[in-house]
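Remarks on the overall topology
Each chain, written out:
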Amino acid sequence: MGVGLGRVVGMIGRCRRSMRRLFLLVAVIGLLFAAPVSTGAASDVSEELAITRQAYDLLVADLYTPPDTVALLTNAYVEAQHALGGQAALPSLDGDAAAQWSVFETSIRDLAANSNARLAAGNLRERLIRSMVRTIDDGHTFYLTKQESDARRVVSSGDNGLVNYGYNIVVYNNGYYISTLLPGGNMEAAGGRVGDQLLIIDGQTVTRANYSDLIAKQEEGSVHTFTVLHRNETEPVQLTVTINRYERQPLVFRVIDGHIGYIQVVAFSYRNLVDKLDEALAALHMWGVDSLILDLRDNPGGADAVAQPFLGRFLPTGTVVGTDEGRIYARQSPQSALKAQKIAQSDGRDPETLPIVALINSRSASWGEITPLALHEFRDAPLIGTQTLGLLGNDVVYPLRDGTSVAITVGVYTSAQGQTLNKIGITPDVVVANPTPEEIINGRDAQLDAAIISANAKVYARTFAPLLAA
């Protein structure tokens, strides 16, 4: 029995070793014969190319000017080489856009067939599309992820709701400070102030290494504690911030310098913007203001349907402030001569006649640039601040079948006085640098100070110049 048992044990051991060798051999064979490239479990190169082709066709058809398709596909191929590996040169791209795509697609499939890269589903097509829009580089043409696409649809629907802390920060001497508070936001409701230094969040000292993680979770209903140091105070205070959904206000207004109406316009994407403007103007007139400062700094623009009625409060209705020019307009209306007009629209009321000064900066974009430019050209409004971003065009967001989207510039803007400033931006009449972090923390705003001086000059000219002339 002892000898028989030993033989059995030996056989089992040899069997186990044989099985391990067999499993190892199967694994090696599997690696040798596995598909050389995988772009994700739920995707393959065909799907990646199909969605890339969708974006390519849209660019070819609707970009305001015919794109350089050779450059688009060549740069996308270089990006594919980075993603998949391989050094084969892209064959010559001859013929029309469709023929060029055929050559490109074949080359991408060849790269994939000889690649051992492992890419997440969607990674390849995102990189190819981003490469093409970077090649165009006109400011309004860009790729949006599914999350970004969903967020843009929410904004476009007129939803002003936000679920966040409601503040922005500036970093100064390795400290984190509140630079702006969103009106009605949760930090404002908790007693936060502009200039507050953030010391502790939820029990952890704030550092450069952990700040992003500390504020990452902003679920509705969650409660957080902030220890902050108010400006010009010596003892920190603790704030309890509850994350509630709140409505972001499209504008804020107040009286400054005792007689000037200040209106900050956040964006032209909120459908209730003009209603809020009417409320602001009515209140400011009741308070006896004699001039207006429109603050369009950091204004990213928005929709024609919002911005044109806004302009109609300051310009006679029907005033053509400029035009978008592009191929898409010719297809929609051949009589348009490739142009779509931007027109100030009103509900019949007389436009506001108070002197206007406009504040702009390097983050003013699109309608955040078109609006001050129109007020400058038609109302002689001085422009104060820094050169704008130079996104004077019109884009359309086209959904792709995977839930992402591509925004395409379908028109480039020319003002009524013939200024085409896309990728250039608007030069202010009085250049004043953006506030430094130290100035923001200490509540100083040299651009606003310059706008107040300009508004006072406008009021003086309007009040006393006629008397002096007489």
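Report follows, based on the coordinates. (Residues numbered from 1 in each chain as written. Predicted model: local features only at pLDDT ≥ 70, side-chain atom pairs only at ≥ 80, totals over all residues. Heavy atoms only, no water.)

**Re the overall build of the protein chain**
- What the protein chain contains, in helices and strands, is 14 helices and 19 strands.
- Taking all 470 residues of the protein chain together, 45% fall into the buried category.
- Partitioning the intrachain contacts of the protein chain with sequence separation of at least 6 by distance along the chain shows that 71% fall at a separation of at least 24.
- With an accessible surface of roughly 23000 Å², the protein chain has 55% of that area assigned to carbon and sulfur atoms. (Helix = DSSP H or I, 4+ residues; strand = E, 2+ residues; numbered from the N terminus. Buried < 20%, exposed > 50% of the residue type's maximum accessible area, 1.4 Å probe, protein only. Contact = heavy atoms within 4.5 Å. Areas by Shrake-Rupley, 256 points an atom, 1.4 Å probe, with all protein chains shown as cover.)

**Some points on helix 10 (residues 304-311)**
- Among the 8 residues of helix 10, 6 are classified as buried, and the element is accordingly described as predominantly covered.
- Buried within helix 10 are the following residues: Val 306, Ala 307, Gln 308, Pro 309, Phe 310 and Leu 311.
- In the core, the buried residues of helix 10 are packed alongside strand 11 (260-265), helix 9 (273-286), strand 12 (291-295), strand 13 (320-325), strand 14 (339-343) and helix 12 (367-379).

**Details of the nonpolar core**
- Counting residues in each nonpolar core, the largest one holds 39 residues, and the members touching the most others are Leu 84, Phe 104, Ile 108, Met 132 and Leu 400.
- Secondary structure elements with two or more residues in this core: helix 2 (45-62), helix 3 (69-84), helix 4 (97-113), helix 5 (123-136), helix 11 (327-332) and strand 18 (405-415).
- Setting aside residues no more than four positions away along its own chain, Phe 104 makes contact with Leu 49, Leu 73, Ala 76, Tyr 77, Leu 90, Leu 93 and Leu 128.
- Judged by nonpolar contacts, the second largest core, of 37 residues, contains Ile 263, Leu 315, Ala 358 and Ile 370. (Core = buried A, V, L, I, M, F, W, Y, C linked by side-chain atoms within 4.5 Å.)

**Things to note about the sheet that holds strand 11**
- What the 6 strands build is an open sheet, ordered 10-11-12-15-16-19; its pairing is mixed. Edge positions in the sheet fall to strand 10 (251-256) and strand 19 (430-431), since each of these pairs with one other strand and no more.
- Bridge count between strand 15 (residues 356-360) and strand 16 (residues 383-385): 3 bridges; the pairing is parallel. Among the inter-strand pairings, Ile 360 is bridged to a residue of strand 16, identified as Gly 385. (Pairing = 2+ DSSP bridges.)

**Re a nonpolar patch on the surface**
- Judged by side-chain polarity, Phe 253, Val 255, Met 286 and Trp 287 come together as a nonpolar surface patch covering roughly 410 Å² of accessible area.
- Here Met 286 is to be found in helix 9.
- Residue classification places Met 286 among the exposed residues on the basis of a relative accessible area of 64%. (Patch = residues over 30% accessible without salt bridge, like charges linked within 9 Å, V, L, I, M, F, W, Y side chains within 5 Å. Salt bridge = Lys/Arg side-chain N within 4 Å of Asp/Glu carboxyl O.)

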